[in-house]
Each structure stands twice: as C-alpha cells, then as structure tokens.
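Fold and contact review
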Amino acid sequence: MKKLVSSGKTVEEAVRNGLNEWGVGRDRVNVTVVEQPSKGLFGLFGGKDAKVELELKPDGAEEAVEFLRSVTDAMGLRVGIERQEGRECLLLNLTGAELGILIGRRGQTLDALQYLTNIVANRHSDKHLRIVLDAEQFRERRKRTLEELSARMAQRVVRTRKEVVLEPMSSQERKIIHASLQSHPLVKTYSQGDEPNRCIVIALK
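This write-up is about the structure you can find in this document. Here the structure is a predicted model, which means the values were calculated and not measured. (Residues numbered from 1 in each chain as written. Predicted model: local features only at pLDDT ≥ 70, side-chain atom pairs only at ≥ 80, totals over all residues. Heavy atoms only, no water.)

Here we look at the pairing of strand E8 (residues 187-192)
For E8 and strand E9 (residues 199-204), the ladder comprises 6 bridges, and the chain directions are antiparallel. Paired with Gln192 across the two strands is Cys199, which belongs to E9. Counting the residues that bridge the hairpin from E8 to E9 gives 6 residues, and of these Gly193 lies at a positive phi of roughly 90 degrees. (Pairing = 2+ DSSP bridges. Helix = DSSP H or I, 4+ residues; strand = E, 2+ residues; numbered from the N terminus.)

Thoughts on a nonpolar patch on the surface
There is a patch of nonpolar side chains on the surface, built from Tyr115, Leu116 and Ile119 and spanning about 300 Å² of accessible area. If you trace the backbone, Ile119 turns up in helix H4 (residues 108-123). Residue classification places Ile119 among the partly exposed positions, given a relative accessible area of 35%. (Patch = residues over 30% accessible without salt bridge, like charges linked within 9 Å, V, L, I, M, F, W, Y side chains within 5 Å. Areas by Shrake-Rupley, 256 points an atom, 1.4 Å probe, with all protein chains shown as cover. Salt bridge = Lys/Arg side-chain N within 4 Å of Asp/Glu carboxyl O. Buried < 20%, exposed > 50% of the residue type's maximum accessible area, 1.4 Å probe, protein only.)

Examining the sheet that holds E9
With antiparallel pairing, 3 strands are arranged side by side in an open sheet as E7-E9-E8. Only two strands of the sheet have a single neighbouring strand rather than two, namely strand E7 (164-165) and E8. Against the sheet, helix H5 (residues 138-160) contacts E7, E8 and E9, and its axis sits at roughly 40 degrees relative to E9. (Contact = heavy atoms within 4.5 Å. Axes fitted to C-alpha atoms, helices over the stretch in contact; angles between N-to-C directions.)

Quick word on the nonpolar core
If you look at soluble globular proteins, the nonpolar side chains tend to sit buried side by side. Ranked by size, the top nonpolar core spans 21 residues in total, and within it Leu68, Leu92, Leu94, Leu102 and Leu133 carry the most contacts. Contributions of two or more residues to this core are made by helix H2 (60-74), strand E5 (90-95), helix H3 (100-103), H4 and strand E6 (131-135). Counting residues in hydrophobic clusters, the runner-up holds 13 residues, among them Leu146, Ala154, Leu166 and Met169. (Core = buried A, V, L, I, M, F, W, Y, C linked by side-chain atoms within 4.5 Å.)

A word on the packing of H2 against H4
For the pair H2 and H4, the least separation of the axes is 8 Å and the interaxial angle reads 135 degrees. Classed by the angle they form, the pair H2 and H4 counts as oblique. Taken as a pair, H2 and H4 cross one another with a handedness that is right-handed. Counted together, Gly60, Glu63, Ala64, Phe67, Leu68 and Val71 of H2 and Leu113, Leu116, Thr117, Val120 and Ala121 of H4 form the full contact between these two elements. Considering only residue class, the contact of H2 with H4 consists of 8 nonpolar, 2 polar and 1 charged. (Parallel < 35°, antiparallel > 145°, perpendicular 65-115°, else oblique. Left-handed = near helix turned anticlockwise from the far one by under 90°. Nonpolar A, V, L, I, M, F, W, Y, C, P; charged D, E, K, R; others polar.)

A word on the sheet that holds E6
An order of E4-E5-E6 is seen for the 3 strands of this open sheet, with the pairing classed as mixed. Edge positions in the sheet fall to strand E4 (80-85) and E6, since each of these pairs with one other strand and no more. Shown here is a sheet whose adjacent strand axes are inclined to one another by a mean of 20 degrees, direction ignored. Bridge count for E4 against E5 is 6 bridges, and the pairing is antiparallel. Counted as the bridge partner of Ile81 is Leu94 from E5. Where H2 meets the sheet, it contacts E4, E5 and E6, and its direction lies at approximately 155 degrees from that of E4. H4 rests against E5 and E6 of the sheet, and its axis sits at about 145 degrees to E6.

Here's what the structure looks like:
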C-alpha cells in the first residue's frame, strides 16, 4: 500500500499538500492524523506543524494499466494505452507498432492478457471491474470476420442440409456467432464440448 507523510500549518493544509504531491483527489486517500499542530511557547517559539499520513486507496483501473505497462516493457514493446470508460466495462486499447505479438493467433494472446489484467484489476478494487483489452481495434475486425463466417456457414448448411461444426472458440467469440444467427429463419446454433475445446454447431432448424 502506497503511503505518504505530509505536513502543514493545519491538518487541512497537510492533507492538501499531500494530495498535490500525488496529484489525486481527496476521495482517493485514507487520512490518519499523526500529529496535531501546536503554537509553541507564547505562540512564538517551538511551534509544530500538523503531520498526516495519506494512504492511497487501491484503484483497479490504474493497477490494470500498470500491469500492462510492466508486461509490455518486459517484452521490449513501446505501447500506448488508451482508456475509455463505458457503462458496462472499461476499454483499454493498446496502440503502437508490433502489436501482432500481443494479439497472437486469432486473438488468443490478447484474450489471455485480458484475463490476467482482469484478475489484477479486481484484486485491487472494492467493486467488480470488467476490463476489455483491445489492440488497434482488433476485436471489431475480428467481430466482422466472425459474422461473415457465420453467414457463409449458414448458407452451406442450408445448401447441403448438413450441420457444420466450427473450430473451438472462446466464449466471447461464440457469443458473436450465436447473436449473428439467432434470427436466421432456417438454421440454429448450439455449443458442444468442454473448454478450451468448446465449439459451435450450426444446424437446420
């Protein structure tokens, strides 16, 4: 836990000085008064300033960003991290060159890094955080690819009247396939198998 001892002529001033040093708001710290101010002899000599100890409250989002910086630094990558607050999640978008190594085959490395980032964030948060990790809008491009794939496979099922079993996918990607075909008049989808080899089946209704 990050701590700081700060002083000032009053307790309020000591707190304010500590907040300015860290560059955070009052809601981000716990304050313990270490020493009350005193005026000294005749109010002139031996006076003491107030001392307070500030303890920085855990912030899951900041811890997540720091974790990503440490991982990318260890890999020798210069990566920017853009934060975008949403109603249901916090989006962290990675920018920079050579992001392919962070994305991995079909986003598998990105998914694994997202999983670890969520663990770190929620370990340092007093409320549940859902973090989505992206890299140069990879997830949107992948979503379009999966939607196009589901449309092609649905056509094949209708044409051949034989079900199609797709390759294993993450639960997030399976949801995209299910959603894409849920209103299709002729085919249905369901999942089969166990993680990490769980896959989607597209079949005639």
